[in-house]
Amino acid sequence: MRFLMKTDYYQDIRLFKYRSTFFWYLALVVGCLFLPKILDEYMLSQLTFICIYAVAGVGLMLLTGFTGQISMGHAAFLAIGSYTSAVLTAKGVPFLLALPASGVTAALVGIVIGRPILHLTGLYLAIATMGAAFIIEEILVRWESVTNGNMGMMVDAPTIFGFGFDTEIRFFYLSLAVLIIVLLLAKNILRSPTGRAFIAIRDSEIAAEAMGINLASFKTQSFAISAFFTGIAGSLYAHKIFFINPESYTIMQSIELLAIVIIGGLGSLHGAVYGSIFFIFLPQLIIISKDYLPTFVQDQTGLQPALFGLLIILVMLFEPMGIYGRWLKTKFYFEWFPLYKKDSFKREKKYQKAERH
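Remember, it's a predicted structure, so these values are computed and weren't measured experimentally. (Residues numbered from 1 in each chain as written. Predicted model: local features only at pLDDT ≥ 70, side-chain atom pairs only at ≥ 80, totals over all residues. Heavy atoms only, no water.)

Visitor: Hey, could you run me through the overall build of the protein in this one?
Guide: In terms of regular secondary structure, the protein is built from 15 helices and 4 strands. With 357 residues in all, the protein has 43% of them scored as buried. Sequence-distant contacts, at least 24 apart, represent 76% of the contacts inside the protein between residues at least 6 apart. (Helix = DSSP H or I, 4+ residues; strand = E, 2+ residues; numbered from the N terminus. Buried < 20%, exposed > 50% of the residue type's maximum accessible area, 1.4 Å probe, protein only. Contact = heavy atoms within 4.5 Å.)

Okay, structure coming up:
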């Protein structure tokens, strides 16, 4: 167990809590750079999808995990980012400009949508975001002069300064670089007064408002930042799959994004990455495990959505902190053994009675 003698307030908001943490993350990044040397193209493609979904997961994590606002329509911002990047690059705009433009466009739409609906909470907010997603999906279908409607659009491989990311290895490095930048941006946002305001709103809106936090303003900021990161992921997603149409961004994809942050661990940027890893490799686990399941189960369709639903229920019931939370508990157990107490991670419901209306 390590003890850190704190002599300055700013030590609580350091980018890395311990000096050794930086070197562990650096070693992880270096290890990822060498992965293309030992993995085949299929596995490299799966790792690329993990990076893309992790970027989208970070966006939704800021909104749901750190601000406490549930969104059931984030696939719409993924679609906005995809179509913005596809349209701009098709018109000759460099990918280096189309990528941030995708995020900005999604953020602007997020502000327009978020401002009127973010005074809602809980189930009502989830339904409102789902309705907004249906509206955006319908716009993509009807605006044929730009989106080509249900016929969809072809998307070329991205190019930066004449260097094409047209192979699995190159696109993996691009996605990994974007993920690292997004994680650093999100971490710095959470260290800022804005990020601490998000967390205060999540813990108790009444207490946050009593401290002078403008709920409408900060909720809208959270929604816009979340949409920005999801739009960035949408741009990468479009250039990865090379073809997009409105049917690629349904309510099911919104549920999958929500499942990623819940299963990975709400309230943690690590959870967005862990949830993405689990989401991408779950189909592989299903394929492997099918040989050991009864015949009537093997023949059933929709096994993956059913497992996602079951896992969300099990995580909410038995492990609210998700995969990352389980890792923290295991690590804490070995650090404090034999002084570990079973209720060390028991959540205190300090504001439960005060929040009732």
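Structure's up, so let's keep going.
Visitor: What am I meant to see in the UniProt feature "transmembrane region" (unreviewed entry) in the protein here?
Guide: With numbering matched to this structure, UniProt assigns "transmembrane region" (unreviewed entry) to residues 21–39, 45–63, 95–114, 121–143, 171–190, 257–282 and 302–324. Within the segment residues 45–63, helix and strand shares are 100% and 0% respectively, and the terminal C-alpha atoms sit 28 Å apart. Along residues 171–190 one finds 100% helix and 0% strand; the C-alpha atoms at either end are 28 Å apart. (UniProt positions renumbered as here; feature names shortened; annotations may be inferred.)

Visitor: In this structure, what is going on with the pattern of salt bridges? I would like to understand it.
Guide: For the structure on display, the rule yields 5 salt bridges. Across the salt bridge formed by Asp203 and Arg202, the nearest N and O atoms sit 3.2 Å from each other. (Salt bridge = Lys/Arg side-chain N within 4 Å of Asp/Glu carboxyl O.)

Visitor: Explanation requested: helix H3 (residues 75–90) in the structure shown.
Guide: Note that an α-helix has 3.6 residues per turn; residues three or four places apart therefore point the same way. Taking 1.5 Å per residue as the helical rise, H3 with its 16 residues ought to reach 22 Å, and the 22 Å between its terminal C-alpha atoms agrees with that figure. Counting buried positions over the 16 residues of H3 gives 13, a clear majority of the element. The first or second residue beyond H3 is Gly92, which carries a positive phi of 95°. (Expected span 1.5 Å × (residues − 1).)

Visitor: What is the right way to look at empty space enclosed by the protein in this model?
Guide: Summary: where empty space remains is shown by rolling a probe the size of a single water molecule over the atoms. Tallied over the entire structure, the rule returns 2 cavities of 30 Å³ or more. By volume, the largest cavity amounts to about 80 Å³. Taken together, 13 residues make up the lining of the largest cavity; nearest its centre are Ala76, Ala133, Glu137, Tyr249 and Thr250. Contributions of two or more residues to the lining of the largest cavity are made by H3, helix H5 (122–142) and helix H11 (251–264). With 6 residues, the top contributor of residues to the lining of the largest cavity is H5. Among the residues making up the lining of the largest cavity, the classes are represented as 10 nonpolar, 2 polar and 1 charged. Each pocket or cavity is described by its volume, and for the second largest cavity that value is around 40 Å³. (1 Å grid on protein atoms, 1.4 Å probe; cavity = no way out; pocket = protein on both sides within 12 Å on 5 of 7 lines; lining within 4 Å. Points joined across faces, edges and corners; volume = space filled by probe spheres on them. Nonpolar A, V, L, I, M, F, W, Y, C, P; charged D, E, K, R; others polar.)

Visitor: Help me understand the packing of helix H2 (residues 41–65) against helix H7 (residues 168–191) in this model?
Guide: Between two packed helices, what matters for the description is the angle formed by their axes and the separation of those axes. At a minimum axis separation of 9 Å, H2 and H7 run at an interaxial angle of 20°. Between H2 and H7, the interaxial angle falls into the category roughly parallel. In this structure, the crossing between H2 and H7 has a hand that is left-handed. Here Glu41, Leu44, Ser45, Leu47, Thr48, Cys51, Ile52, Ala54, Val55, Val58 and Leu62 of H2 come into contact with H7, specifically with Glu168, Ile169, Phe171, Phe172, Ser175, Leu176, Val178, Leu179, Val182, Leu183, Ala186 and Leu190. Of the residues contributing to the contact of H2 with H7, the split by class is 18 nonpolar, 3 polar and 2 charged. (Axes fitted to C-alpha atoms, helices over the stretch in contact; angles between N-to-C directions. Parallel < 35°, antiparallel > 145°, perpendicular 65-115°, else oblique. Left-handed = near helix turned anticlockwise from the far one by under 90°.)

Visitor: Explanation requested: a nonpolar patch on the surface in the structure shown.
Guide: Taken together, the side chains of Phe22, Phe23, Leu26, Val30, Leu33 and Phe34 define a hydrophobic patch exposed on the protein surface, amounting to about 570 Å² of accessible area. Relative to the assigned elements, Val30 resides in helix H1 (residues 19–34). (Patch = residues over 30% accessible without salt bridge, like charges linked within 9 Å, V, L, I, M, F, W, Y side chains within 5 Å. Areas by Shrake-Rupley, 256 points an atom, 1.4 Å probe, with all protein chains shown as cover.)

Visitor: Quick question: what am I supposed to make of the packing of helix H4 (residues 95–117) against helix H10 (residues 215–241) here?
Guide: For the pair H4 and H10, interaxial distance at closest approach is 7 Å and the crossing angle is 145°. In this structure, H4 meets H10 at a crossing whose hand is right-handed. By residue class, the composition of the contact of H4 with H10 is 15 nonpolar, 9 polar and 1 charged.

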